[in-house]
Amino acid sequence: MAAPATEVWSSVPEAPPDAIFQLTAAYKADQYEKKVNLGVGAYRDNNGNPWVLPSVKKAQAALIADESVDHEYLSITGLAEFTAASAKLILGADSAAIAEKRVASVQTISGTGANHLGATFLSKFYDFSKHGGGKREIHISNPTWANHKAIFNMCQINPVDYPYYDAKTVGLDFEGFTGALKSAPDGSVFLLHACAHNPTGVDPTRDQWHQIADIFESKKHLAFFDCAYQGFASGDLDADAYSVRHFVARKSISVLVCQSFAKNAGLYGERAGALHVISATPEQNKAVFSQLAVIQRAEISNPPAFGARVVTLLLTDPSLWAQWQKDVKEMAGRIIEMRKALFSLLTEKFKTPAPGGSWDHIMKQIGMFSFLGLSPKQVKMIVDEGHIYMTANSRISMAGLTTSNVEYVASWIDKAARSA
Ligand SMILES: Cc1ncc(COP(=O)(O)O)c(C=O)c1O
């Protein structure tokens, strides 16, 4: 006899809440007037409000006015105009891989879905018995976006850390990183953040990327790029794609790229993204694309249309393309301004003692996030007493700072830094 419904789930343990979403809930529940949310990785304008990009507003209006737009299913691999334009955006309009028909592009549920589809594809088709020392492993930076671990675990690929962040310099541990690349068995899979590393804001320089690519080439490692912030690092969409384009241009490195339009188009909830798998030949590409479609069919059947249609207009309509580039610059520019403001308050106004002896890392770090380098105890003080919400590792979203709250935030960083 079947177990009674009341008992079927009795052994399911309750999972802890997601740290980031919990932080947002705590912020919302807080009644304090000066509260600040520096937890969530979403852009805010200088009034602390979500920003619908002017280019996106125009694209939306055009879609709504277009009576030929219906609500039919997209194809399994998504909107072809979207995936083609997205591939050009990340790989470059002059990409040889695209011209040679070696890029399999599939529309995904934003960047998370791209990671998941890529992980599932690797899980099914990467021969872990012959590469990477016979272990089903992916090497991920320590630290990384928390969901990476969860996604790869879900796909039966074991995430293992490689050194990345140096707490002493609050910068890149280049020796540790390249040491791990060299000592990993040939054919290992490494996840790389294309730009604006989350959570540290610490990126390799171009010269360092060249050295990293040299090792990938000689060790035949597979590069699994995650690109969630193209345009956010420098304000320039091409410059932020440098690492990916450099690896793909080398031809001998196997590359997968996960792409998200959540941040750079402010389309968080629309779930617009893509996975691009670069193969050596058009024949391989055809087979890879067909298998990605098989996985996609079983997982989501076909992706959502609206966000992809908006992005397609941004990428293909000349006036929207120009406006979008301006919008991206504006977001990146405001973030850079906030970095400067926080840095000068801490160094000039408050003369705050810095964790590693200097606050230079605030200016050097790139993109939406900054790692302050404070201890969990100091962070707790800022959260509990200052009502300024941030993750325990002292990662702050620069987009949560505004000209009206930055001094308040700096004053609490100062108090915490002077406490034990
Ligand atoms: C490194 C990284 N990858 C992927 C994502 C996925 O975001 P989304 O699924 O919203 O595109 C994020 C979002 O924060 C991220 O930081």
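Given the structure is predicted, the values throughout are model-derived calculations rather than measurements.

Some points on the UniProt feature "domain: Aminotransferase class I/classII large" (unreviewed entry) in the protein chain
Here the UniProt-annotated "domain: Aminotransferase class I/classII large" (unreviewed entry) positions come out as residues 34-411. Between the C-alpha atoms that bound residues 34-411 the distance is 13 Å, and the span itself is 44% helix and 15% strand.

Let's talk about the site of the ligand
Within the structure, the ligand sits among 13 residues, and S110, T112, N198, D226 and S260 are positioned closest to it. Taking T112, its side chain carries an N or O atom lying 2.5 Å from an oxygen atom of the ligand. In this structure, an oxygen atom belonging to the ligand sits 2.8 Å away from a side-chain N or O atom of R271. Surface burial for the ligand is 91%, taken as the share of its 390 Å² of free accessible area covered by protein chains. Under a 2 Å grid-point criterion requiring more than half of the atoms, the pocket assigned to the ligand is the largest pocket. The element contributing the most residues to the shell around the ligand is helix α6 (residues 110-125), with three residues.

Some words on the environment of P304
Locating P304 in the fold gives a position in the loop between α11 (282-299) and α12 (306-316). Along the chain, P304 and S110 lie 194 residues apart, while their C-alpha atoms are 9.8 Å from each other. In contact with P304, other than residues within four places in its own chain, are L74, Q107, I109, E270 and R271.

Describing the packing of helix α4 (residues 80-91) against α12
Across the interface, α4 lies against α12 with an axial gap of 9 Å and an inter-helix angle of 50°. Considering their axes alone, α4 and α12 lie oblique with respect to each other. Relative to α12, the crossing made by α4 is left-handed. Of the residues in α12, those touching α4 at E81, F82, A85, S86 and L89 are A308, V311, T312, L315 and T316. Of the residues assigned to the contact of α4 with α12, the class counts are six nonpolar, three polar and one charged.

Focus: empty space enclosed by the protein
One pass over the structure, following the stated rule, counts one cavity of 30 Å³ or more. Volume-wise, the largest cavity comes out at about 40 Å³. Around the largest cavity, the lining residues are Y126, F128, H131, G132, K135, E137, H139, G187, S188 and V189. Residue composition of the lining of the largest cavity, by class: three nonpolar, five polar and two charged.

A word on the nonpolar core
Generally speaking, a soluble globular protein has its nonpolar side chains buried in company with each other. Within the largest apolar cluster, 68 residues are counted, with the highest numbers of intra-cluster contacts made by F261, W324, L342, I388 and I413. Within the residue set of this core, elements represented by two or more residues are α3 (54-65), α4, β10 (272-278), α12, α13 (318-349), α15 (376-386), β12 (388-389) and α16 (406-418). Looking at which element gives the most residues to this core, the answer is α13, with nine residues. Summarising the domain contributions, this core has at least three residues from each of domain 1 (18-51 + 331-418) and domain 2 (80-316). The residues contacting W324, other than those within four sequence positions of it, are L53, S55, L89, L237, F261, N264, A265, L314 and L315. V170, F177, L181 and L192 belong to the second-largest nonpolar core, a separate cluster that totals 35 residues.

Quick word on the side chain of Q230
Relative to the assigned elements, Q230 resides in the loop between β8 (222-227) and α10 (242-249). At a separation of 2.9 Å, a polar atom in the side chain of Q230 contacts the main-chain carbonyl oxygen of L237. If we ignore the near neighbours within four places in the chain, the residues touching Q230 are L89, I90, C195, L237, D240, A241, R245, Q259 and N264.

A word on the packing of aromatic side chains
For the structure shown, the criterion picks out 21 aromatic pairs. Centre to centre, the rings of W209 and F247 are 6.1 Å apart; their planes meet at 85°, and the pair counts as edge-to-face. Of this pair, W209 sits in helix α9 (residues 206-219) while F247 sits in helix α10, and the two are 38 residues apart along the sequence. The same class applies to W209 as to F247, namely buried. Between W321 and W324, the ring centres sit 6.0 Å apart and the planes meet at 45°, which makes this aromatic pair tilted. In this pair, W321 and W324 are both assigned in helix α13, three residues apart and thus about one turn of the helix distant. Accessibility expressed as a relative area gives 29% for W321, which makes it partly exposed.

The rules behind each value
- Residues numbered from 1 in each chain as written.
- Predicted model: local features only at pLDDT ≥ 70, side-chain atom pairs only at ≥ 80, totals over all residues.
- Heavy atoms only, no water.
- UniProt positions renumbered as here; feature names shortened; annotations may be inferred.
- Helix = DSSP H or I, 4+ residues; strand = E, 2+ residues; numbered from the N terminus.
- Near = heavy atom within 4 Å.
- Polar contact = N/O pair within 3.5 Å; in protein donor to acceptor, adjacent residues only side chain to side chain.
- Areas by Shrake-Rupley, 256 points an atom, 1.4 Å probe, with all protein chains shown as cover.
- 1 Å grid on protein atoms, 1.4 Å probe; cavity = no way out; pocket = protein on both sides within 12 Å on 5 of 7 lines; lining within 4 Å.
- Sits in = over half its atoms within 2 Å of the grid points.
- Contact = heavy atoms within 4.5 Å.
- Axes fitted to C-alpha atoms, helices over the stretch in contact; angles between N-to-C directions.
- Parallel < 35°, antiparallel > 145°, perpendicular 65-115°, else oblique.
- Left-handed = near helix turned anticlockwise from the far one by under 90°.
- Nonpolar A, V, L, I, M, F, W, Y, C, P; charged D, E, K, R; others polar.
- Points joined across faces, edges and corners; volume = space filled by probe spheres on them.
- Core = buried A, V, L, I, M, F, W, Y, C linked by side-chain atoms within 4.5 Å.
- Buried < 20%, exposed > 50% of the residue type's maximum accessible area, 1.4 Å probe, protein only.
- Domains from an automatic or database assignment.
- Phe/Tyr/Trp six-rings, centres within 6.5 Å; stacked < 30°, edge-to-face > 60°.

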